[in-house]
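Inside the fold
Residues per chain, in single letters:
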Amino acid sequence: MEELFQKLKITPKNLTLYNIAFSHSSYANEHRAKKDYERLEFLGDAVVDLVVADYLYNNEQENEGEMTKVRASYVCENALYEYSTSLGLQRYLKVGHGEEHAGGKYKKAIVADIFEALVGAIYVDLGYATVRRVVLNIIVPYIKDPKVTFFQDYKSALQEAVQTDKRSLYYDLVKEEGPSHQKTFTMEVKIDGIVYGRGVGSSKKEAEQEAAKNALEKLA
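Described below are features of the structure shown in this document. Note that the structure is predicted; figures quoted are calculated from it, not measured.

**So, empty space enclosed by the protein**
This structure, assessed with the given rule, holds one cavity of 30 Å³ or more. Approximately 30 Å³ is the volume attributed to the largest cavity. Together, Leu8, Phe115, Leu118, Val119, Ile122, Val134 and Ile138 line the largest cavity. Contributing elements (two or more residues each) for the lining of the largest cavity: helix H8 (108-126) and helix H9 (128-144). Ranked by residues supplied to the lining of the largest cavity, first place goes to H8 with four residues. When the residues that make up the lining of the largest cavity are grouped by side-chain class, the tally is seven nonpolar, no polar and no charged.

**Notes on the environment of valine 75**
Topologically, valine 75 is positioned in helix H5 (residues 64-75). A residue is classified by how much of its surface remains accessible, and valine 75, at 18% relative accessible area, is buried. Taking C-alpha positions, valine 75 is 8.1 Å from valine 52, a pair spaced 23 residues apart along the chain.

**Some words on the packing of H8 against H9**
Put simply, H8 and H9 touch, their axes get as near as 7 Å, and they point 150° apart. What the angle tells us is that H8 and H9 run roughly antiparallel. Contacts between H8 and H9 involve Phe115, Val119, Ile122, Tyr123 and Leu126 on the former and, on the latter, Tyr128, Thr130, Val131, Val134, Val135 and Ile138. Per-class residue counts for the contact of H8 with H9 are 10 nonpolar, one polar and no charged.

**So, the layout of surface pockets**
A volume near 1,300 Å³ is recorded for the largest pocket. In terms of residue class, the lining of the largest pocket is built from 12 nonpolar, 12 polar and 18 charged. Reported here for the second largest pocket is a volume of approximately 240 Å³. Going through the elements one at a time, helix H2 (15-21) and helix H4 (38-59) are the ones with two or more residues in the lining of the second largest pocket. Sorting elements by how many residues they give to the lining of the second largest pocket places H4 first, with five residues.

The rules behind these values
- Residues numbered from 1 in each chain as written.
- Predicted model: local features only at pLDDT ≥ 70, side-chain atom pairs only at ≥ 80, totals over all residues.
- Heavy atoms only, no water.
- 1 Å grid on protein atoms, 1.4 Å probe; cavity = no way out; pocket = protein on both sides within 12 Å on 5 of 7 lines; lining within 4 Å.
- Points joined across faces, edges and corners; volume = space filled by probe spheres on them.
- Helix = DSSP H or I, 4+ residues; strand = E, 2+ residues; numbered from the N terminus.
- Nonpolar A, V, L, I, M, F, W, Y, C, P; charged D, E, K, R; others polar.
- Buried < 20%, exposed > 50% of the residue type's maximum accessible area, 1.4 Å probe, protein only.
- Axes fitted to C-alpha atoms, helices over the stretch in contact; angles between N-to-C directions.
- Parallel < 35°, antiparallel > 145°, perpendicular 65-115°, else oblique.
- Contact = heavy atoms within 4.5 Å.

Everything listed here is a matter of geometry and, on its own, says nothing about what the molecule does.
Right, here's the structure in full:
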C-alpha cells in the first residue's frame, strides 16, 4: 500500500483505517473481522460530494441546477469506478472466497465503493484539508477535460421526448434481489402503459437511468 500512499502524497497515521477501507463485508465475515468498509464508504460519499460542490461553487458560474448536474456527473458510480481503477485500488481490495469467485474484485459497484471508503479513511486519519487536496488532484483533471463524460441524464431526456406528445411516463420496480449491502434492482419504464425499457443497477436511480436509456434507443 506504500506505493498508493506515495501516489496520493500522504503519510498515514493509522494504517488500520486503510486496511478496513479495502475490506469487503464478505472478507470481514470470513475472517471474523469486526469491521468492513461500509461505514468509511458512507463518510467518504459525503466528503466527495462536499469537495466537488465546494470546487464548483468557487470555480464555476452556473446556477444551482447546472452545478447539481455537473456534480452528479463526477460523483456517480461510473466516475468513482474510473477514479478507483486509475489508482489501481482493486489490487488492495480484500473479498471473501465466494465473492472472489463471483468476480467481486471487478464488480463496478464494489470498485466504486472502495474509492469512497479510501476517501473516508483519509478524512478520519488526516483531516479535511488533506482529503480535499487528494480528491481535487484526482477529480479536477476529469472536470477540466471536455472529452470526459461519465453520466448522461437519460431520464430527463426521455421526459422531454415524451412531453412533446403529452404521453404518460412512469417507472416500476420489477425485481429487487441480493443481500442488503449489495442489492440489485430491476426497473421498467412505461409510456402510456406500455413497457419501453428495462434497466438493472445497484440502486433504483441507476436502474431507472438504464431503463430510460433503453427506452430512448427504442424511440430513436
